[in-house]
Amino acid sequence: MFQALYQLYKTHNNSLRIPLEDFNTESFAGILKMHPKVLFAFCDLLGLPKEHFRISTQRFYNHNLLNCFVDLVLENENTICFIENKVGSSEGFEQLKRYSEVLDKDYARHNKHLCYC
């Protein structure tokens, strides 16, 4: 988690943009990775099965000439969950629609979830 946060600082330290949303995402992902009980409680809150999930952040998908960077992805063999965090920013052009299309196209055999926080 600390390495991911440090990378954000190195990437954005010369920018006027403060990546609060990215820091929030990386911090929360780190907590989920370090504490399975928190992950299971979060899964329960989202209506996901209480199973092991691979957790990734800032996951890139190429979609119809528009790039998709999903903030947080929980994934296992049967289930995929995209989580879009918003902190001090608005939704991008058809962002959730594009994410939904990626889920349908790339994860046809998975149980799919899309959450907006």
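Residues numbered from 1 in each chain as written. Predicted model: local features only at pLDDT ≥ 70, side-chain atom pairs only at ≥ 80, totals over all residues. Heavy atoms only, no water.

Section: the sheet that holds strand S4 (residues 111-116)
Ordered in space as S1-S2-S3-S4, the 4 strands form an open sheet in which the pairing is mixed. The sheet is open, and its two edges are formed by strand S1 (54-63) and S4, each paired on a single side. For this sheet, the mean inter-axis angle between neighbouring strands, taken without regard to orientation, is 30°. Sheet analysis places S1 next to strand S2 (residues 66-75), joined by 9 bridges and oriented antiparallel. (Pairing = 2+ DSSP bridges. Helix = DSSP H or I, 4+ residues; strand = E, 2+ residues; numbered from the N terminus. Axes fitted to C-alpha atoms, helices over the stretch in contact; angles between N-to-C directions.)

Focus on a nonpolar patch on the surface
On the surface, a nonpolar cluster with roughly 230 Å² of combined accessible area is contributed by Ile31, Met34 and Val38. Relative to the elements of secondary structure, Ile31 occurs in helix H2 (residues 20-34). For Ile31, a relative accessible area of 33% gives the class partly exposed. (Patch = residues over 30% accessible without salt bridge, like charges linked within 9 Å, V, L, I, M, F, W, Y side chains within 5 Å. Areas by Shrake-Rupley, 256 points an atom, 1.4 Å probe, with all protein chains shown as cover. Salt bridge = Lys/Arg side-chain N within 4 Å of Asp/Glu carboxyl O. Buried < 20%, exposed > 50% of the residue type's maximum accessible area, 1.4 Å probe, protein only.)

Structural notes on the packing of aromatic side chains
Enumeration over the complete set of coordinates arrives at 6 aromatic pairs. When the centroid spacing of 5.1 Å and the interplanar angle of 50° are considered together, the rings of Phe60 and Phe69 count as tilted. Given the relative accessible area of 42%, Phe60 is considered partly exposed. The class of Phe69 is partly exposed, set by a relative accessible area of 42%. (Phe/Tyr/Trp six-rings, centres within 6.5 Å; stacked < 30°, edge-to-face > 60°.)

With respect to the pattern of salt bridges
What the rule picks out here adds up to 4 salt bridges. Here Glu75 makes a salt bridge to Arg54, at a shortest N to O gap of 3.9 Å. One end of the pair, Glu75, is in strand S2; the other, Arg54, is in strand S1, and 21 residues separate them in sequence. As a salt-bridge pair, Glu77 and Arg54 come within 3.5 Å of each other at their nearest N and O atoms. With Glu77 in the loop between S2 and strand S3 (79-84) and Arg54 in strand S1, the pair connects residues that are 23 residues apart, well separated along the chain. A cluster of three or more residues bridged by salt bridges with shared partners is formed by Arg54, Arg59, Glu75 and Glu77.

A short note on the pairing of S3
Here S3 lies mainly inside the structure; 6 of its 6 residues are buried. By the alternation rule, side chains of S3 split into Thr79, Cys81 and Ile83 and Ile80, Phe82 and Glu84, which are all buried. Here S2 runs beside S3; their pairing, made up of 4 bridges, is antiparallel. What sits directly across from Leu74, in S3, is Cys81. Joining the antiparallel neighbours S2 and S3 is a turn of 3 residues. Sheet topology note: the S3/S4 ladder contains 6 bridges and is parallel.

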